[in-house]
Amino acid sequence: MIKKLLLSATAVGLLMTISCNQSNPEVSKNIKWRARTIKKNKLVYAFNIDSLPVKAGDTVLLNYNSESLGYYIANVAYPVRDTAYLDTYVDSNGVEQSYHYEAINVVLLDNSVR
């Protein structure tokens, strides 16, 4: 019960922080960002496909789309641990397809497209 309450309070706090930062002139909805992973200090490029209001220095979660974009900024208001797995699924034509899922936490560095 207490864990759920703390998690809910954290999510509400994050949402309030995001909504307060929307009027900040430094907030950018640019589509492509350079980011550095927190766990391995690796440089990656991230796409902001949902036009989320983010700015340099923000810590965000990236998901990986193996079919097209690569890493993209996830639209979630709760923390997720770094994780990755490779799986398969059967598509509508009965063909087995591979699927790569990955989630990593990063710090946004700067816009690579201005």
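Structure report, in brief. Bear in mind that the values here come from a model prediction, so they are computed numbers and not experimental data.

**Some thoughts on the pattern of salt bridges**
Then step 1. Per the stated rule, a full pass over the model turns up 1 salt bridge.
Then step 2. Across the pair D110 and R34 runs a salt bridge, and its minimum N-O distance is 2.9 Å. You can see D110 sitting in strand β6 (residues 96-111) and its partner R34 sitting in strand β1 (residues 32-37), a full 76 residues away along the chain.
Then step 3. Residue class for R34 comes out partly exposed when judged on its relative accessible area of 25%.

**Observations regarding the packing of aromatic side chains**
Then step 1. If you walk through the whole model with that rule in mind, you get 2 aromatic pairs.
Then step 2. On the basis of an interplanar angle of 65° and a centroid distance of 5.1 Å, the ring pair of Y64 and Y71 is categorised as edge-to-face.
Then step 3. Looking at Y64, the relative accessible area reads 23%, which means it is partly exposed.
Then step 4. Overall, the relative accessible area of 12% leaves Y71 in the buried class.
Then step 5. Ring centres of Y85 and Y101 lie 5.3 Å apart, and the angle between their planes is 35°; on these two criteria the pair is classed as tilted. Here Y85, found in strand β5 (residues 83-90), pairs with Y101, found in strand β6; they are 16 residues apart in sequence, far enough to count as distant.
Then step 6. By relative accessible area, Y85 is classed as partly exposed at 40%.
Then step 7. Note that K32 overlies the ring of Y45, its terminal NZ or CZ placed 4.9 Å from the centroid.

**Considering unusual backbone geometry**
Then step 1. We note that N41 has phi near 55°; this positive angle belongs to a residue other than glycine.
Then step 2. As for its position among the elements, N41 is in the loop between β1 and β2 (43-47).
Then step 3. One non-glycine residue, S51, lies in positive phi territory at about 50°.
Then step 4. Along the chain, S51 turns up in the loop between β2 and β3 (59-65).
Then step 5. By relative accessible area, which is 38% here, S51 ends up partly exposed.

Conventions used here
Residues numbered from 1 in each chain as written. Predicted model: local features only at pLDDT ≥ 70, side-chain atom pairs only at ≥ 80, totals over all residues. Heavy atoms only, no water. Salt bridge = Lys/Arg side-chain N within 4 Å of Asp/Glu carboxyl O. Helix = DSSP H or I, 4+ residues; strand = E, 2+ residues; numbered from the N terminus. Buried < 20%, exposed > 50% of the residue type's maximum accessible area, 1.4 Å probe, protein only. Phe/Tyr/Trp six-rings, centres within 6.5 Å; stacked < 30°, edge-to-face > 60°. Lys NZ or Arg CZ within 6 Å of the ring centre and 35° of its normal.

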